[in-house]
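Chain by chain, the residues run as shown.
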Amino acid sequence: MKYYFNEIEAKWQKYWSENQTFKADNVSQKEKYYVLDMFPYPSGAGLHVGHPLGYIASDIYARYKRHKGFNVLHPQGYDSFGLPAEQYAIQTGQHPAKTTQENIKTYRRQLDQIGFSFDWSREVRTSDPSYYKWTQWIFIQLFNSYYCKDADQARDIAELEHVFEKEGNQNINASCDDNVELFSALEWKSFNAEQKEQILSQYRLTYLSETEVNWCPALGTVLANDEIVNGVSERGGFPVVRKKMKQWSMRITAYAQRLLDGLQKIDWPQPLKDSQTNWIGRSEGAMVSFEVQDHNAFIDVFTTRPDTIFGVSFMTLAPEHDLVSKITTPEQKEAVEAYVLSTSKRSERDRMADVKTISGVFTGAYAIHPFSGKKIPVWIGDYVLASYGTGAVMAVPCGDQRDYDFAKYFDLEIPNIFDNQDISEQACEDKNAVIANSGFISGLNAKEAIRKVIEELEKMQIGEGKVNYRLRDAVFSRQRYWGEPFPVYYVNGLPKMIDKKHLPITLPEVEKYLPTEDGKPPLGNATVWAWDTETDKIVSNELIDEKTVFPLELNTMPGWAGSSWYFNRYMDATNKDVFCSKEAQNYWKDVDLYIGGSEHATGHLLYSRFWQKFLYDKGLVPVDEYAKKLINQGMILGTSAFIYRKEGENTFISKGLIKDEKVQPLHVDVSLVNASNELDMEGFKSHAFNKDLKDASFVLEDGKYIVGREVEKMSKSKYNVVNPDDICRDYGADTLRMYEMFLGPLEQAKPWNTAGITGVHGFLKRLWKLFHVSETFSVSEDTATAEELKVLHKTIKKVDEDIANFSFNTSVSSFMIAVNELTALKCSKRSILEPLVILISPYAPHIAEELWNKLGHTDSVAAAEYPVFDPKYLVESTKTYPVSFNGKMRFTIELSLDLDKAAIEKAVMEDDRTQQQLGGRSPKKVIVVPGKIVNIVG
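Residues numbered from 1 in each chain as written. Predicted model: local features only at pLDDT ≥ 70, side-chain atom pairs only at ≥ 80, totals over all residues. Heavy atoms only, no water.

A. Region of the structure containing the overall build of the protein chain. Regarding its fold elements, the protein chain presents 30 helices and 36 strands. Based on the C-alpha atoms only, the size of the protein chain along its principal axes is roughly 115 × 75 × 70 Å. Taking all 938 residues of the protein chain together, the buried fraction comes to 51%. Put simply, the protein chain shows about 43,300 Å² of open surface, and 48% of that area lies on carbon and sulfur atoms. Taken together, the 109 basic and 130 acidic charged side chains of the protein chain have centroids lying 5 Å from each other. (Helix = DSSP H or I, 4+ residues; strand = E, 2+ residues; numbered from the N terminus. Buried < 20%, exposed > 50% of the residue type's maximum accessible area, 1.4 Å probe, protein only. Areas by Shrake-Rupley, 256 points an atom, 1.4 Å probe, with all protein chains shown as cover. Lys, Arg positive; Asp, Glu negative; His and termini not counted. Charge placed at Lys NZ, Arg CZ, Asp CG, Glu CD.)

Okay, structure coming up:
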């Protein structure tokens, strides 16, 4: 009977949907297992074959765990807010909601046709108001919380107000802004409501602050660092400047140490843990205050090397530092302002990457050394960033190469504070060097000197020992339309939260999605976007002058808002009363297996851990790490095709004819290239988007144009994507699933080669044929032979081990070997083939369901119990002995393992083949090693 895979796959996809086969129950006596994929952003391009790699792996594991008796939660949804949909709306005039909905339909169709065992009853979409209602609610919880360092957890802001009422803030140990001033209980009571709110905002876990951003006036929008190239916008090439704007921020820094500590108890890839560790950037040292001469001001500096403090010969501030404009002398004002303007046109990324260029300007001001009293010139330099540390460094040129180069360039003093170290050519960065010329710490090693300096700083109250983190608070505002609206309105410029009962605050209709000309975000275009506190409704902006009507927040939340908690919503996705019930939380608790890309290491994966820890502090979730195990799947690479344009001409030279000519390689659509690397030239001309290419001429090899090939990232822009729809149509979803696993280890990158898919498809045909005789399904009830049982149990053992180790590629090989061996044995026994169907069903679920049904079962194979390995079937009773003559193996003989040396020798000598080799001669010696070899010496 022919293997009609298209009909079989459509049949069982329909069955799974109608019967909700993979729906998970929140109440079960079974042990739970939660398998999660990083949910996709539904782009207009749909899926290519690289996208499902992680989904196939997670689906195999989810199906495997169901066979093992677990209640498996395997949900899916869409990260459906974001910039691409908004950009498409700007270009086409279509509402992002409409294009997002269309894209989701495409993704759902593609995901369904690959046969994933998702529980679609729990689908979430971050752009759905019923979902982002709870994102807004979590934002409000963050706003109404502060971080208590004594308790090492988030607490209700009302507790803080209660303490202020009783004793002021002098004994408060909390995460807060750096510039918080001390006040007494009496002073607190004297403050008006607005003053109190301004103080509380310095402690809240989400707060408004003036933050430096990349502002592009021509585009009227803020750009991310990766949207800027050489100081101009990637889109359009417009100038970009650094500008301070009022933004919402998240106080993730309060959780820095807990985010570090938590990495020790989760099974995540070490490179990913290292990325987070480096991003958090914990360092120990001292905070030191340098008084500015003739100014009522101090420059605060964090240093990991307080032992080098006597080597400070100048200070460098970030050009954006608040003190720059205050301490710059009139003589230096023009030069400083010009330098600040010049720096504002460079992104932080460019400044960090440019280690060769030395630039800076003297402010004219001096700081006073806290121990020697010496005057230290204060400079500004773009290698210091306002967002890192305090935005100021104490420069020790004898101990830091960058400071050394700066001092040499500007002819600044380089005092030597290291004993017996030559600094005439370069700085001494040896941390074991003994300190010299440094007052009370001379003669000490670094460790002793650091302790002594910190003691002295604290005694003089001009500094303290401190643990510092590279991690900065996360900017949470976006000047975009297609994102979660903030549940915030403003009274006299101060933010007020909208009550939970009025959520969600949904996006208004706007005509234009670009920011307004005055820099306001797209929501500034809305005409009905004000909050009436009397009716608790959104009303027309024209009513804002009335007493009860106030402006709503114009920014939206970033893309990571909705993805920072979605794994919790899946546990109870349709609950309208809470974001997730206690019952569901206590049952599912956390994600057992999370699969997704490593590119999210310091974005989604760090922010979501932060939100989880906050929700845990508030008693809203039962665990503070949401994913026990995480696997980063590798990338499926595309094999790109290139044609070669002769420089200055509209002529393309075939690859084999390129010699010394200068050519420009251009990507060409791989669908226009055949298996022999020949280009369809007419097809290329008719598909060409550029008019010049339609008139192109070709220099051919033997009448053919041969393209170049290169393996690189699969991407629509490289014209090397392969559509899974085509593979499913031509070979079937089961073939696609098994082939993607067969390509190589899950975590590694591997190139896609469509030519190799026929081998996997042929295997499925052989599997199908194993159950059929001619056109008839035929399975016998006969007892299985020892050889057949050996094949089955060898496969059970190997596949079980492979799945546990996520070695899916070797499992596919095991299936191929098993089917080949059973075919050779002409096996048709139910006791062998039925367990084989269960074994293969996680990988190729459609064919497994069909065969399971043909075997007489009325339920889904997904519910079948996983076969149990029995080692007795792999115990060998015979041994195949290699028989050698004078050390050369001539034949093999199978003998019982129970035979002793004499019996083995007797059996070998009586064999006709032995007599043929000896030719009537008697051997000089017969060497027998039981269980290993027989060697006849003649």
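Additional details are given in the paragraphs that follow.
B. Representation of the nonpolar core. Met738, Trp752, Leu767, Phe771, Ile803, Phe808 and Tyr843 are the most contacted members of the largest nonpolar core, which has 87 residues in total. Here the element with the most residues in this core is helix α2 (residues 52–67); it accounts for eight residues. The contact partners of Trp752, leaving out residues within four places of it in the chain, are Val49, Ile636, Leu637, Thr639, Met714, Val722, Ile727, Leu736, Tyr739, Glu740, Leu743 and Ile757. Listed in part, the 86 residues of the second largest apolar core include Trp560, Tyr594, Val621 and Ala627. (Core = buried A, V, L, I, M, F, W, Y, C linked by side-chain atoms within 4.5 Å. Contact = heavy atoms within 4.5 Å.)

C. A look at the pairing of strand β35 (residues 925–929). Burial along β35 is one-sided: the residues Val926 and Val928 are buried and none of Lys925, Ile927 and Val929 is. Bridge count between β35 and strand β36 (residues 933–937): five bridges; the pairing is antiparallel. Within β36, the residue paired with Val929 across the bridge is Ile933. The turn linking β35 back onto β36 is made up of three residues, and Gly931 within it adopts a positive phi angle of 80 degrees. (Pairing = 2+ DSSP bridges.)

D. Up close: the side chain of Thr100. Locating Thr100 in the fold gives a position in helix α4 (residues 96–113). By relative accessible area, Thr100 is classed as buried at 4%. Non-local contacts of Thr100, meaning those with residues more than four positions away in its chain, are made with Pro42, Ser80, Ala85, Ser127 and Trp482.

E. Fine view of the pairing of strand β5 (residues 206–216). Counting buried positions along β5 gives eight out of eleven residues, so the element sits mostly inside the fold. Here β5 runs beside strand β9 (residues 241–250); their pairing, made up of ten bridges, is antiparallel. Each bridged residue has a counterpart across the sheet, and for Trp215 the counterpart in β9 is Val241.

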